[in-house]
Amino acid sequence: MQSVPYLDQLASILDLGGKHFETRTLCEVPCEGRRLPVQAVLLGNPDPALPAVGFFGGVHGLERIGAEVVLAFLHSLATRLKWDSSLHRELESVRLVFMPLVNPGGILFGTRANPNGVDLMRNAPVESQERVPWLIGGQRISPRLPWFRGPAGRPMEAEGLAVCELVSRECLARPFSLTVDCHSGFGVNDRIWFPFAHTRTPIQHLEELHALKNLLRETLCHYRYIFEPQSSQYLAHGDLWDHLYLRALGQGSLFLPLTLEMGSWAWVKKNPLQFFSRLGIFNPVIEHRQQRVLRRHLPLLEFFLRAASSYRSWLPGLAEREQHRLRALSRWYPELRMEPRS
Ligand SMILES: [Zn+2]
């Protein structure tokens, strides 16, 4: 029987991390007579007064490079824990949450959806009231077509519920948290998306996101990430991170969920033959290019870890908020009329 790619790699990283890692099996997904574990790895300080940062991959099973980037980062932390005293000090001030293989059934079959044919990024109980693109914005016609939301009125899929439960417990109960969910396949450029996906209305924490965008640009000045709301590109029903962001708002929690969209079309452009491989459209096929992708994004994940643990030093204060808000509105929501808050 075929084994799930990356489960062995995750197991050996857990061995390497040893006592510093806490592993939880959040659920098991039935798949061809087997039960595939959906696992989380936790490390750092569990004190709920401290911030948290989460790294997610493999939500869309086809986009393997997302899982690979998260596993590579976890592997580098496991290795550094053996010698790097500055990392140990850093982990005293922050909680880390990893879920590198959210959709193990999709990873096994090389599909975007989970084994029930449901797209986990269209399955949350969030309904767009605006015009979403046909099919890609989420559909209930058939699980045989992509972007299937799941049958109406049914609870969320087990993998999505596992993400919600983990984020609620480990992130939303804290003063500050930030998550990065790694995907691939959209366009040529690397993008960082923030909510909303279901509406063009600006997110409530626009000032914080604008400050974080500036911090990223100043810190990783040689990296080109396009930082924008997902709604700049397209709208969709059922986005999992919109759902969790709205939940956090209800709890008065400061939670910034980000999605890294690695621009895989650049890899296809450089190697057109990979267009004919289904996985090739979403992943770098040539090994040196895969290595380069992994190398390029590790500093970004490290940046988010440090930004979360030091959030107090960059969150905009009262005096700067208005300027951040106006700049964010003109950059990301030019269609809105900008007026200073009275
Ligand atoms: Zn994706």
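Residues numbered from 1 in each chain as written. Predicted model: local features only at pLDDT ≥ 70, side-chain atom pairs only at ≥ 80, totals over all residues. Heavy atoms only, no water.

## Focus: the packing of helix 6 (residues 206-219) against helix 10 (residues 318-332)
What counts here: Lines fitted to C-alpha atoms define the axes here, with helix axes fitted over just the stretch in contact, and angles between the N-to-C directions of these axes take values from 0 to 180 degrees. Starting at the N terminus, helices and strands are each numbered in turn, a helix being any DSSP run of H or I of at least four residues and a strand any DSSP run of E of at least two. Orientation labels follow simple angle bins: below 35 degrees gives roughly parallel, above 145 gives roughly antiparallel, 65 to 115 gives roughly perpendicular, and whatever is left gives oblique. Pairs of residues are marked as contacts when any of their non-hydrogen atoms sit within 4.5 Å. Just so you know the grouping, Ala, Val, Leu, Ile, Met, Phe, Trp, Tyr, Cys and Pro go in nonpolar, Asp, Glu, Lys and Arg go in charged, and all remaining residues, Gly too, go in polar.
Direction vectors running N to C along helix 6 and helix 10 enclose 80°, while the axes themselves pass 8 Å from each other. It follows that helix 6 is roughly perpendicular to helix 10 by the angle criterion. Residue-level contacts link Leu206, Glu207, Glu208, Leu209, His210, Ala211, Lys213 and Asn214 of helix 6 to Arg321, His324, Arg325, Arg327, Ala328, Leu329, Arg331 and Trp332 of helix 10. Class assignment for the residues of the contact of helix 6 with helix 10 results in six nonpolar, three polar and seven charged.

## Considering the sheet that holds strand 1 (residues 22-31)
Just so we agree on the cut-off: Here, strands pair whenever DSSP counts at least two bridges between them.
With mixed pairing, the eight strands of this open sheet are ordered in space as 1-2-4-3-5-8-6-7. The sheet is open, and its two borders are formed by strand 1 and strand 7 (225-229), each paired with just one other strand. Ignoring strand direction, the axes of neighbouring strands in this sheet form an average angle of 20°. Bridge count for strand 1 against strand 2 (residues 34-44) is nine bridges, and the pairing is antiparallel. If you follow Cys31 over to strand 2, its bridge partner there is Arg34. Contacting strand 1, strand 2, strand 3 (52-57), strand 4 (95-99), strand 5 (176-184) and strand 8 (254-262), helix 5 (residues 158-172) runs over the sheet at an angle of about 160° to strand 1.

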